[in-house]
Amino acid sequence: DLLRQTAIREIRAQIVTLPSVRAHRLSNTEFSHREFVLVRVRLANGIEGIGEAAVLGGPRWAEESVESIQAAVTRYLAPALLDCPAARPAEAALRMAKAAFRNNAAKGAVETAIYDALAQTLDVPLTLLFGGALRDRVPVLWALASGDAEQEVEEARAKLAAREHRDFKIKLGFASPEDDLRRLRRLRDEVPEMRRLIVDVNQAWSEADCRRFLPALQELRVDLIEQPLPGDDFEGMARVAAQSPIPLMVDEAAFTHREITRAGTMGCGSVYSLKLVKSGGLRALTQAARVAESSGMELYGGCLLEGSIGAAAHLAVFATLPRLPQGCEHFGPRLHVSEIVKDPLVIEDFHLCVPQGPGLGVHLDEDRLRDALRPS
Ligand code: MUC
Ligand code: MG
């Protein structure tokens, strides 16, 4: 029967390194190679599911690193899941919660692989297990993050010309606010075709900086300001949001459902960035969407620069959400020079296409994976 067929037999975690097309700079980290952990779950019926655990430049964006994720999966999560049926994802999540505190990127990748294997066994697309798709593509923006205005102007023009991206996220906080604003002004002046503009400060500004620079951001027609203050400064975010004519987006501040509720009800922002590495699982991600909306925030499809595996996992949930007014940012598959899947995600006409077919809809390319494995 299904429970026996889908019993988890083996879980592996491999560290993968892929060069980026250019350096990516955030307020608190910088990298030119992206590392992530590929999780592979094999069931009794021989079917294998895959999942991706993302980090940004080491344990910087959050506390997990590829090394800690690999250890958490192999030493704690895998033994706890042995013989658990993939056909009982809620039980798998519960076993992981008992085996390890937080470690959300690790848990998210394992749960993705379990769902992928289950959906392949049932021969259905993963979206079906979250209620079925309401859309087959999602608007997708591109992040400008080299910090070099001239390079960014060219990159934005190329993305517009290819009809891949017309909305952009500009990473701030690596440089001083004054330099960042000069960079922004140049982009607005030299690329007038850019449509929506999100700035992501990644916790780098003080409340005083926000007061100082909000008028300039408004003049530059910025549409959304993401996490300007430190993640634990809920009161500060609420004060800035109250005086800002531009909506604020909550990112690093809220991982758990209680944090999301608190951020929403305190008025820390009007939009919530959904991320698998914050929720720790795809089912928890769908629940985070409901919690965010019910506490007063619109939804945005966030990322941690995942490649096609992680992006496909997010899309399986994003495709099923009744409302996703802010679109998504899963441009990660294009930030890598190469990928480890045979069927990388497609971006066309400013949208990211939801992969079709059973499971996640993306499949490992073993040759490319071999080349990309980090030597141990
Ligand atoms: C973040 O903080 O949003 C997403 C896009 C990007 O450039 O960085 C990530 C993380
Ligand atoms: Mg962010």
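Residues numbered from 1 in each chain as written. Chains lettered and ligands numbered in written order. Predicted model: local features only at pLDDT ≥ 70, side-chain atom pairs only at ≥ 80, totals over all residues. Heavy atoms only, no water.

Student: Help me understand the packing of aromatic side chains, please; the structure alone is not making it clear to me.
Tutor: Both the distance between ring centres and the angle between the ring planes are used here to describe each pair of aromatic rings. For the structure on display, the rule yields four aromatic pairs. In this arrangement the basic side chain of K159 is found over the ring face of W142, its NZ or CZ atom lying 3.9 Å from the centre. We note R262 situated over the ring of F234; from NZ or CZ to the ring centre the distance is 4.0 Å. (Phe/Tyr/Trp six-rings, centres within 6.5 Å; stacked < 30°, edge-to-face > 60°. Lys NZ or Arg CZ within 6 Å of the ring centre and 35° of its normal.)

Student: Can you help me understand the coordination of the magnesium ion (ligand 2) in this one?
Tutor: Any two of four tetrahedral donors ideally make an angle of 109.5 degrees at the metal, while pairs among six octahedral donors ideally make 90 or 180 degrees. Distances from the magnesium ion (ligand 2) to its protein donors, D200 (OD), E226 (OE) and D251 (OD), fall at 2.0 to 2.2 Å. D200 gets classed as buried once you look at its relative accessible area, which sits at 1%. (Donors = N, O, S within 2.8 Å, 3.2 Å for Na, K, Ca; no water. Buried < 20%, exposed > 50% of the residue type's maximum accessible area, 1.4 Å probe, protein only.)

Student: It is not clear to me how the pattern of salt bridges should be interpreted in this structure. Could you clarify?
Tutor: It is possible for side chains of opposite charge to pair when their charged atoms get near one another. Considering all chains together, one arrives at 34 salt bridges under this definition. Residue E48 is joined to R12 by a salt bridge in which the shortest nitrogen-to-oxygen separation is 3.7 Å. Highlighted residues: E48 in strand β3 (residues 48–54) and R12 in strand β1 (residues 8–26), separated in sequence by 36 residues. For R12, a relative accessible area of 31% corresponds to the partly exposed category. (Salt bridge = Lys/Arg side-chain N within 4 Å of Asp/Glu carboxyl O. Helix = DSSP H or I, 4+ residues; strand = E, 2+ residues; numbered from the N terminus.)

Student: Help me understand the domain arrangement of the protein chain, please; the structure alone is not making it clear to me.
Tutor: Interfaces are often sized by the accessible area lost when the parts come together. Per the domain assignment, the segments making up the protein chain are domain 1 (2–124 + 365–372) and domain 2 (129–353). Listed as interface residues are 41 residues of domain 1 and, on the opposing side, 45 residues of domain 2. Counting the surface domain 1 buries against domain 2, the share from its top three residues, R22, R25 and W61, is 20%. The interface formed by domain 1 and domain 2 holds one salt bridge in total. For R22, the salt bridge is made with E155, and the minimal N-O distance between the two is 2.7 Å. Taken together, domain 1 and domain 2 are joined by 16 residue pairs in polar contact (both at pLDDT 80 or more). Contributions of two or more residues to the side of domain 1 that touches domain 2 are made by β1, β2 (29–43), β3, α4 (104–122) and α14 (366–372). (Domains from an automatic or database assignment. Contact = heavy atoms within 4.5 Å. Buried area = accessible area lost by both parts, 1.4 Å probe. Polar contact = N/O pair within 3.5 Å; in protein donor to acceptor, adjacent residues only side chain to side chain.)

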